[in-house]
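Topology and contacts: notes
Listed below, chain by chain, are the residues.
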Amino acid sequence: MEELVLGVDLGTSAVKVSAVSRNGKIVAQRSFDYPLSQPKPGFSEQNPEDWVNGTTVAIVELILKDGIDVEAIKGISYSGQMHGLVLLDQNKQVLRPAILWNDTRTSQQTQEIADKMGDEFINITRNKALEGFTLPKILWVKENEPKIFAAAQTFVTPKDYLRYRMTGKLAMEISDAAGTVMLDVAKGDWSTEIQASFDLPASFFPPIIQGVESAGYISESHSLFSGLNTNTQVFGGAADNAAGAIGSAILKPNMVWSSIGTSGVVLKYEDNAEVDYHGKIHFFNHAIPNKYYSMGVTLAAGHSLNWFKNRFAPEEDFNDLVASAKKSTVGANGLLFTPYIVGERTPYADGDIRGSWLGIDSMHQRYDFVRSVLEGIIFSFKDIFEIYEAAGTHFDTVIASGGGAKSALWLQIQADIFNKKVIVLENEQGPGMGAAILAAVGLGWFESVEQAAEQFASFGQVYEPNAENVAKYAQIYPIYKQIYQQTSDISHQLLAYRREN
């Protein structure tokens, strides 16, 4: 009998459960969709019970439809959407729908945090308090739903709630704890200064565990519903980006991860907490004990390209549309696009900035616009690279995944704009595979996360920078960098007009 681990990837729209063997092969995989509730503009919520039901259904289907032997499942771990708030009462019952990472109702609370703690907050948490993080959500409930907050005895993030429901043991894994912006990142424990500043008792905060640490075993009650054995060991897991980095083998300081999904992520493994980015990019504790990761986010990376296709080429094959950019030139014949169509996160924490094209000429063809979108997304990633370089950190290898890894042209654009070697990640199962790796290490199948990742991850083609193109992009990028400062006031005025009219 081949021994297996389950990697549970709890996303915003679906949960995916992968059964993975000792050699990193995905034996079977099942997913289950669940709804997102947006009761008011800027609100984004989910029923935590949907996560539990969806995960249970996926596991049952692995057993019944794919023939996975429950005796073969030795361990389970998790990857989960970050920053969500699940409030629990004294009986650990959910008090209200979970407030998710993409909820933007908390602008007032983020300002309150900045006004009350200033730079001290950044020094402790290594992050600015943004609307998506957990602390502002807690303060929003405290101020707007006082009866619910009065009944709240503790809180967890989404994947930690799911793990609690499967084990009966409540804890928060450290990489998700860091994403609440209530953790003293350097100390790896809840910040007493933040607790005191916002009148939050220490008893409100759950115990912290490591990603590879045992969180218990499948409970009898969950065993009845899922069919899993009660001797199946459960491990802490990781926040989705930490798990994705592990699953993509981003485990050396000379490597960064370039991931293009709806949003875009540039993530770097950090060996220690000594580097200080002064809150310009996110800095979190890793799911690997005593390690860290930093990351910057482009809010509308793949979303910009999808938007362009849906508006201007709805009937055209997606791959053909992207390939048409080959007809254009480096720099899209002098056309620049900024991908701020839903605001921006890094390096401009500006929810009201909007995108633009500059340099439009009557000679431009649609393929020039396509290439400008591809290049603009990567220029926005280059902005994040600049923060790293300014802080004196160095890397020479970019691991590409997501939509940006499916086009040879787009991969070469990345290599040329970054002036770095770009390597394709072949097994596109980052977060779920990262969860499986943490379970495998927790079980003792491997001595370290690094050893397991080398076994589980698979890399493909290498794209080297083209010196001629590098030189051209080096001329264009400084122009791109000027666009935000030159156009932000106009962009804000236009958005204000739209909201008023």
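Residues numbered from 1 in each chain as written. Predicted model: local features only at pLDDT ≥ 70, side-chain atom pairs only at ≥ 80, totals over all residues. Heavy atoms only, no water.

Stated precisely, the cut-off is as follows: UniProt positions are given in the numbering used here, feature names are shortened, and annotations may be inferred rather than shown by experiment.
Going by the annotation in an unreviewed UniProt entry, the name recorded for the chain is Xylulose kinase, with Weissella koreensis given as the source organism. In its Catalytic activity (unreviewed entry) section, the UniProt record describing the chain reads: "D-xylulose + ATP = D-xylulose 5-phosphate + ADP + H(+)". Per UniProt, the chain has the following entry under Function (unreviewed entry): "Catalyzes the phosphorylation of D-xylulose to D-xylulose 5-phosphate."

**With respect to the overall build of the chain**
In plain terms, the rule: Working definition: helices are DSSP H or I runs of at least four residues, strands are E runs of at least two. Numbering for both runs from the N terminus. For this measure, only C-alpha atoms enter the radius of gyration; the expected value for a globule follows 2.2 Å times N^0.38, where N is the number of residues. Burial classes follow relative accessibility: with a 1.4 Å probe on protein chains only, a residue under 20% of its type's maximum area counts as buried, one over 50% as exposed, and anything between as partly exposed. Should any heavy atoms of two residues lie within 4.5 Å, those residues are counted as being in contact. The method behind every accessible area is Shrake-Rupley, applied with a 1.4 Å probe, and residues are considered shielded solely by the protein chains displayed. In this tally, Asp and Glu contribute negative charge and Lys and Arg positive charge; neither His nor the terminal groups of the chain are included. Here the site of a charge means atom NZ of a Lys, CZ of an Arg, CG of an Asp or CD of a Glu.
Each helix and strand in the chain was counted, giving 17 helices and 24 strands. Its C-alpha atoms give the chain a radius of gyration of 23 Å, within 12% of the compact-globule value 23 Å for 501 residues. Structurally, the chain occupies a C-alpha span of about 70 × 55 × 45 Å along its principal axes. When the 501 residues of the chain are sorted by exposure, 58% land in the buried category. Residue pairs at least 24 apart in sequence account for 71% of intrachain contacts in the chain once pairs closer than 6 positions are excluded. Here the chain displays about 20,100 Å² of accessible surface, and carbon together with sulfur accounts for 48% of that area. Averaging the coordinates of the 41 positive side-chain charges in the chain and doing the same for the 58 negative ones gives two points 2 Å apart.

**Observations concerning the UniProt feature "active site" (unreviewed entry) in the chain**
Feature annotation in UniProt assigns "active site" (unreviewed entry) to the following positions: Asp240. Examined against the element boundaries, Asp240 turns out to sit in helix H10 (residues 240-247).

**Considering helix H13 (residues 366-390)**
Defined as follows: Helix span, expected: 1.5 Å multiplied by one less than the number of residues in the helix.
Its 25 residues place the ends of H13 36 Å apart at the C-alpha level, agreeing with the 36 Å of an ideal helix rising 1.5 Å per residue. Burial within H13 is extensive, with 20 of its 25 residues counted as buried. Count one or two residues on from H13 and you reach Gly392, which has phi positive near 85 degrees.

**Topic: the packing of aromatic side chains**
Quick note on the threshold: We call Phe, Tyr and Trp rings a pair once their centres come within 6.5 Å, taking the six-membered ring for Trp, and we label the pair stacked below 30 degrees between planes, edge-to-face above 60, and tilted otherwise. Only Lys NZ and Arg CZ are tested; either one counts as a charge over a ring when it is within 6 Å of the ring centre and within 35 degrees of the ring normal.
For the structure on display, the rule yields 30 aromatic pairs. One cation-aromatic arrangement involves Arg126 over Phe283; the distance from NZ or CZ to the ring centre is 4.4 Å. Across the ring face of Phe395, the terminal group of Lys420 is positioned such that the distance to the ring centre comes to 5.0 Å.

**Section: helix H16 (residues 449-456)**
Inclusion rule: In this description, one arc is meant: the one made by directions from the helix axis to the C-beta atoms.
Residues of H16 that are buried: Val449, Ala452, Ala453 and Phe456. Buried residues in H16, looked at end-on, bunch into an arc of 100 degrees, giving them a common side. Lining the buried residues of H16 we find strand E2 (14-21), H10 and helix H15 (430-442).

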